[in-house]
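Chain by chain, the residues:
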Amino acid sequence: MKTLEPNVAPVEKKPELNAHSERHDEETPTHRPKLGWWALLVVVLVIVGVVAGLVPRLRHREQLAKDTLEMGVPTVEVTSAVRGKATAALTLPAEVKPVVEAPIYARASGFIKKWYVDIGAQVKAGEVLADIDTPELNQELEAARAALVRAEADLALARTTSERWTELLKTSSVSEQEAAEKQADLKLKAATVDASKANMQRLTDLQSFAHVTAPFAGTVTSRSIDVGDLINATSGRELFRLADVHTLRVFVRVPQSATPNIEKGLQAVMMVPEWPAKKFQARVVRTSGAIDANSRTLLVELEVDNTNDEVLAGSYAQVAFNDIKQDPALVLPSNTLIFRSDGPQVGVVKPDGKVELRNIVLGRDYGRSLEILSGISVTDKVIVNPSDSLTSGATVRLPETKLADTNK
């Protein structure tokens, strides 16, 4: 007998889930959001890397452009003018000359017969220095004397003839024309006598120049003749040189800045190397009255008493004006100068970096440095070793400016 089983639908058997499967199902919904964060992180890292790579390049490019711009602007060294050393008095170089000096020439041609004085000799005015033998001049003088005698004889004859013709004219024995001719001949002969006398006097005076004499008292400083030398009066050959050194003329060139204090009678002191401990009193006697355009100085003449002949004419000396005290001039290195057709110039860097070429007036030359009388001030920045192509308005850079930009 069959047992009837109830009609029950089969139940689908579900797979058995273990603990690992359950945990996997639980974690599945939260795993996908974590992948999104990682992707976002990667994108951020890529962007940061790109930015980190571009920023240095941009900075390098900017720096390169800046450096290129800086390299296009020349860098120059600058210096400033400084005041020279202040002096207690205005001391200037001077030239010493005799109060009177003259070369002695011959007025008569001939041969040197004898000379009487040599260099260093003290002579008086009119003293004979040398004798010249003048044979040709002597012959001319003799001929002039004979011509004068002849002219005087002709004059006497003409005077007698004129007087006779005048008496004959009263009795109408001769014509008026003939009498007038005799009168004219008398005047002609008289003029001939005067001319002969003048010629003889000229030759006599020339013959007196055969004795070469001193025109003034002084010292013979040069003798350039000897016995037997041929002397030609027209050649201009100097026989002696004479100088009066008892009083000396001292010439000084005073800078323009000190000229307002120079006046006639101003006292000064002259010093010479051979007498270092002695000072000679000098006095201003005259000035040239005009500034020399080349040196911007005033020529001043002083007189010094040299009765004892202690100072030699032609010596180098220095003159100190104790009553004149001036501010020392500005001094610049010589390698700052620019020499062009406009004269000496310097390049000055203005605060905006532009160059200005300025004309200057030079003073004394010290070798490595020079006095600048005008054109700049102590606050100006002057370019050292300027280039030949430097022009006004050019832009330059100072070394400290470049250093400051680099530190930034």
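Residues take numbers from 1 onward in each chain, read along the sequence in its written order. In keeping with the model being predicted, local features are shown solely for residues with a pLDDT of at least 70 and side-chain atom pairs are shown and tallied solely at 80 or more, while totals for entire chains, interfaces and linings include all residues. Computation of side-chain values covers all heavy atoms of the structure but excludes hydrogens and water.

Per an unreviewed UniProt entry, the chain goes by the name Efflux transporter, RND family, MFP subunit and belongs to Pedosphaera parvula. A UniProt comment under Sequence similarities (unreviewed entry) is attached to the chain, and it reads "Belongs to the membrane fusion protein (MFP) (TC 8.A.1) family." UniProt positions are given in the numbering used here, feature names are shortened, and annotations may be inferred rather than shown by experiment. Its UniProt record, at the heading Subcellular location (unreviewed entry), says of the chain: "Cell envelope".

The helix and strand labels rest on DSSP assignments: H or I over at least four residues marks a helix, E over at least two residues marks a strand, and numbering proceeds from the N terminus. Within the chain, the secondary structure is distributed over four helices and 21 strands. The proportion of buried residues among the 408 residues of the chain is 29%. In the chain, once contacts between residues fewer than 6 apart in sequence are set aside, the share between residues at least 24 apart is 73%. Residue-level accessible areas treat just the shown protein chains as cover; the underlying method is Shrake-Rupley with a 1.4 Å probe. Of the roughly 27300 Å² of accessible surface on the chain, a fraction of 55% belongs to carbon and sulfur atoms. Summary of the burial criterion: residues with accessible area below 20% of their type's maximum are buried, those above 50% are exposed, and those between are partly exposed, where the area comes from a 1.4 Å probe applied to protein chains only. Two residues qualify as a contact provided that any one of their heavy atoms is within 4.5 Å of a heavy atom in the partner residue.

Moving on to the pairing of strand β19 (residues 361–365). Relative to strand β20 (residues 369–374), β19 runs antiparallel, the two being bridged by three bridges. From the neighbouring strand, V361 faces β20, where its bridge partner is S374. The pairing criterion for strands is at least two bridges between them, as found by DSSP.

Quick look at the sheet that holds strand β4 (residues 110–115) now. One open sheet holds the four strands; their spatial order is β7-β6-β4-β9, and the pairing between them is antiparallel. With one partner strand each, in any of the chains shown, β7 (211–213) and β9 (230–231) form the two edges of the open sheet.

You can see S162 is positioned in helix α2 (residues 135–170). Any N or O atom pair separated by 3.5 Å or less is treated as a polar contact, with the protein-specific requirement of one donor-capable and one acceptor-capable atom, and with residues adjacent in sequence counted only for side-chain atom pairs. There is a polar contact of 2.6 Å between the side chain of S162 and the side chain of Q183. Excluding anything up to four places from it in sequence, S162 contacts K182, Q183 and L186.

Attention shifts here to the nonpolar core. Ranked by size, the top nonpolar core spans 28 residues in total, and within it V250, V252, V254, M270, L302, V319 and F321 carry the most contacts. Elements with a minimum of two residues in this core: β3 (90–105), β10 (238–255), β11 (267–272), β12 (275–292), β13 (297–305) and β14 (316–321). Looking at this core, the element that brings in the most residues is β10, giving six residues. With residues near it in sequence (within four places) discarded, V252 still touches L92, P93, A94, L298, L299, V300, L302, V319 and F321. In plain words, nonpolar cores are sets of buried Ala, Val, Leu, Ile, Met, Phe, Trp, Tyr and Cys residues tied together by side-chain atoms within 4.5 Å. By size, the runner-up hydrophobic cluster in this structure holds 18 residues, among which are I104, V117, V220 and I225.

Inter-axis angles, ranging from 0 to 180 degrees, are taken between N-to-C directions of lines fitted to C-alpha atoms, where helices are fitted over the stretch in contact. For the pair α2 and helix α3 (residues 176–208), the least separation of the axes is 8 Å and the interaxial angle reads 160°. Classed by the angle they form, the pair α2 and α3 counts as roughly antiparallel. Here α2 runs over α3; the crossing is left-handed. Here the nonpolar group is Ala, Val, Leu, Ile, Met, Phe, Trp, Tyr, Cys and Pro; Asp, Glu, Lys and Arg are the charged ones; every other residue, Gly included, is treated as polar. Considered class by class, the residues forming the contact of α2 with α3 number 17 nonpolar, 10 polar and 11 charged. Any angle that falls under 35 degrees is termed roughly parallel, while one over 145 is termed roughly antiparallel, one within 65 to 115 roughly perpendicular, and all others oblique. Crossing handedness is read from the near helix: turned anticlockwise from the far helix by less than a right angle, it gives a left-handed crossing, and turned clockwise, a right-handed one.

This paragraph deals with the layout of surface pockets. Left-over empty space is what a probe sized like a water molecule reveals as it rolls over the atoms. With a 1 Å grid laid over protein atoms only, a set of points is called a cavity when a 1.4 Å probe fits there but cannot get out and a pocket when it is open yet has protein on both sides within 12 Å along at least five of seven lines; lining residues have an atom within 4 Å of a point. Grid points are joined across faces, edges and corners, and a volume is the space filled by probe spheres set on the points. Considered as a void within the structure, the second largest pocket measures approximately 240 Å³ in volume. Forming the boundary of the second largest pocket are 16 residues, of which S109, G110, T134, E136 and L137 lie nearest the centre. Elements supplying a minimum of two residues to the lining of the second largest pocket: β4, α2, α3 and β9. Residue contributions to the lining of the second largest pocket peak at four residues, all from α2. Its residues assigned to classes, the lining of the second largest pocket comprises nine nonpolar, three polar and four charged.

Assignment of secondary structure puts S196 in helix α3. Overall, the relative accessible area of 11% leaves S196 in the buried class. Once residues within four sequence positions are removed from consideration, S196 is found in contact with A147, L148 and A151.

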